[in-house]
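Structural overview for review
One-letter residues, chain by chain:
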Amino acid sequence: MTTTITITGAGGQIGYALLFRIAAGDLLGPEEKVRLRLLEIPQGLKSAEGAALELQDGAFGLLEDVEVTDAADTAFAGCDLALLVGARPRGPGMERGDLLAANAGIFGPQGVAIAENAAPGVRVTVVGNPANTNALIAAASAEGVPAERFTALTRLDENRARAQLALALGAPVSDVRRVPIWGNHSATQFPDVSHATVAGRPASEALAERFDDVTGWLESSFIPRVAKRGAEIIEVRGSSSVASAANATIDHVRDWVHGTDDWTSAGVVSHGEYGVPDGLICSFPVRSIDGQWQIVDGLEPDAWAQARIDASVAELVEEREAVRALGLV
Ligand code: NAX
């Protein structure tokens, strides 16, 4: 079998980090052949073409074919997995409304092109920011494609949260499970440790042994560290998160396709779960079963957690209102 994977913004930084891992089989395993379709804007074509040359030089046994284009219809033809990475960054003096509108101009037409050209079971992962609302715009524009096929990446936030919890408790990250992200991929996100386990033991017990005031630590240290990690990386590295973002994208899509044995996080369409308004693309604790994301049910966030979820969801509602005001969804 061969899977056709379309990567937008493939000439950019995250695209470059993604392409070689996909070609090496990290996404779909060592048996599945891949066909790559790289979509760029004209200014980004040379960079994507250069990456395509390097892909040839990798002599990857799984890589059947690479095509570089600036035409969305060509890029999404027969696409099984769409990774929407290319987005318009916030420029100097740009208000949030301007940013949403500029990105709507990208994700709206891409949603249309997906609906018209992609394979029937296409799965879409939006990485480009503002990821949740970009996914909402693409889904709203993709007539006939179920909204459940459009997701936003919050796995990087979850990976960061698991890593920070592991560091705080001196545990290997592989022992840390169930640290879902709720809400928006933004500074309002809520990384939730209340159901976390460390080597099978409730993290709450280990945290209570480690910190006198666990809630204080969550509020003043853990949550801001996770939510502002992107800014920390920019400050230290001088450039935004790239390899970790590509890694999380691989984690997200691989789990979507191959399934999970435990919870993870993804921005998925709400059907009113946990009071999140219908239709929003919101990050929840999820499992992937039979190729579909399912929101973990039956959780009972306490008042403290619910307030944080509500604040992030309110931001998503505002973003939706802003794009609605522009007539975009
Ligand atoms: P780069 O600026 O390096 O690359 C973006 C590429 O997209 C450029 O080559 C550009 O030419 C291309 N592009 C722009 N408009 C396009 C369009 N209409 N069609 C096709 N290609 C287009 O950014 P990079 O560091 O790769 O980041 C990409 C996006 O990921 C950004 O929006 C960034 O904010 C977002 N991120 C999202 C994360 C998440 O967890 N959801 C984390 C990492 C990252 O911040």
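Now for a look at the structure at hand. All values derive from a computational prediction rather than experimental measurement.

As a matter of local geometry, the ligand sits amid 22 residues, with Gln13, Ile14, Glu40, Val127 and Asn129 nearest to it. Within the backbone of Gly9, a nitrogen or oxygen atom sits 3.2 Å from a nitrogen atom of the ligand. Taken atom by atom, the bulk of the ligand overlaps the largest pocket. Where the shell around the ligand is concerned, the elements lending two or more residues are α1 (13-23) and α4 (96-117). Its residues placed into classes, the shell around the ligand shows ten nonpolar, eleven polar and one charged. Here the shell around the ligand spans two domains, since at least three of its residues come from each of domain 1 (2-152) and domain 2 (155-320).

Between its first and last C-alpha, α4 extends 31 Å over 22 residues, near the 32 Å set by a 1.5 Å rise per residue. Maximum bend of α4: about 30°, positioned at Ala104. When we look at burial in α4, the residues that qualify are Leu99, Leu100, Ala102, Asn103, Ala104, Phe107, Gly108, Gln110, Gly111, Ala113 and Ile114.

What follows concerns helix α5 (residues 131-141). Burial within α5 is extensive, with ten of its eleven residues counted as buried. Listed in full, the buried residues belonging to α5 are Ala131, Asn132, Thr133, Asn134, Ala135, Leu136, Ile137, Ala138, Ala139 and Ser141. For α5, the secondary structure elements touched by its buried residues are α4, β5 (123-126), β6 (150-152), β13 (281-289) and α11 (303-325).

Looking now at the layout of surface pockets. By volume, the largest pocket amounts to about 1200 Å³. In terms of lining residues, the largest pocket is bounded by 38 residues, among which Val127, Gly128, Asn129, Pro130 and His185 are the most central. Looking at the second largest pocket, its volume works out to about 300 Å³. Together, 16 residues line the second largest pocket, and Leu39, Glu40, Ile41, Ile106 and Gln110 are the ones closest to its centre. Its residues placed into classes, the lining of the second largest pocket shows eight nonpolar, five polar and three charged.

Next up on the list: the sheet that holds strand β11 (residues 201-202). Working definition: the strands of a sheet are paired by backbone hydrogen bonds and lie parallel or antiparallel to each other. Across the sheet, which stays open at both edges, the three strands sit in the order β7-β10-β11 with antiparallel pairing between neighbours. Edge positions in the open sheet fall to β7 (176-177) and β11, since each of these has one partner strand only. Both strand β10 (residues 197-198) and β11 contribute to a ladder of two bridges, which runs antiparallel. Looking across to β11, one finds that Thr197 is bridged to Pro202.

Relative to the assigned elements, Asn132 resides in helix α5. In this structure, Asn132 is in contact with Ala152, Gly183, Asn184, His185, Ile281, Cys282, Ser283 and Leu316, ignoring residues within four places of it in sequence.

Right, let's talk about unusual backbone geometry for a bit. Omega for the bond connecting Asn129 with Pro130 falls within 30 degrees of zero, at -5°, which places this linkage in the cis form. Of note, Pro130 is situated in the loop between β5 and α5. Located in the positive-phi region is Ala199, a residue other than glycine, with phi close to 50°. For Ala199, the location among the structural elements is in the loop between β10 and β11. Residue class for Ala199 comes out exposed when judged on its relative accessible area of 58%.

Turning to the nonpolar core, a few remarks are in order. By size, the foremost hydrophobic cluster in this structure holds 38 residues, and its most contacted members are Leu165, Val179, Val193, Trp217, Phe222 and Phe284. For this core, the secondary structure elements donating two or more residues are α6 (155-169), β8 (181-182), α7 (203-210), α8 (214-227), β12 (264-269), β13, β14 (292-295) and α11. Setting aside residues up to four positions removed in sequence, Val179 forms contacts with Glu158, Ala161, Arg162, Leu165, Asp192, Val193, Ala196, Phe222 and Ser265. The next biggest cluster of nonpolar side chains, apart from the first, holds 29 residues, and it includes Leu18, Ala51, Val85 and Val127.

On to the environment of Ala17. As for its position among the elements, Ala17 is in helix α1. With residues up to four places along the chain from it excluded, the contact list for Ala17 reads Val242, Ala243 and Ala246.

Attention shifts here to the pairing of β14. Residues in a regular strand point their side chains to alternate faces of the sheet. Side chains Trp293 and Ile295 of β14 all project onto a buried face; the interleaved residues Gln292 and Gln294 project onto a face where none is buried. Here four bridges tie β13 to β14, and the two strands are oriented antiparallel to one another. Bridge pairing in β14 places Ile289 opposite Gln292.

Definitions and cut-offs
- Residues numbered from 1 in each chain as written.
- Predicted model: local features only at pLDDT ≥ 70, side-chain atom pairs only at ≥ 80, totals over all residues.
- Heavy atoms only, no water.
- Near = heavy atom within 4 Å.
- Polar contact = N/O pair within 3.5 Å; in protein donor to acceptor, adjacent residues only side chain to side chain.
- 1 Å grid on protein atoms, 1.4 Å probe; cavity = no way out; pocket = protein on both sides within 12 Å on 5 of 7 lines; lining within 4 Å.
- Sits in = over half its atoms within 2 Å of the grid points.
- Helix = DSSP H or I, 4+ residues; strand = E, 2+ residues; numbered from the N terminus.
- Nonpolar A, V, L, I, M, F, W, Y, C, P; charged D, E, K, R; others polar.
- Domains from an automatic or database assignment.
- Expected span 1.5 Å × (residues − 1).
- Bend = angle between axes of the 7 residues up to and from the residue.
- Buried < 20%, exposed > 50% of the residue type's maximum accessible area, 1.4 Å probe, protein only.
- Contact = heavy atoms within 4.5 Å.
- Points joined across faces, edges and corners; volume = space filled by probe spheres on them.
- Pairing = 2+ DSSP bridges.
- Core = buried A, V, L, I, M, F, W, Y, C linked by side-chain atoms within 4.5 Å.

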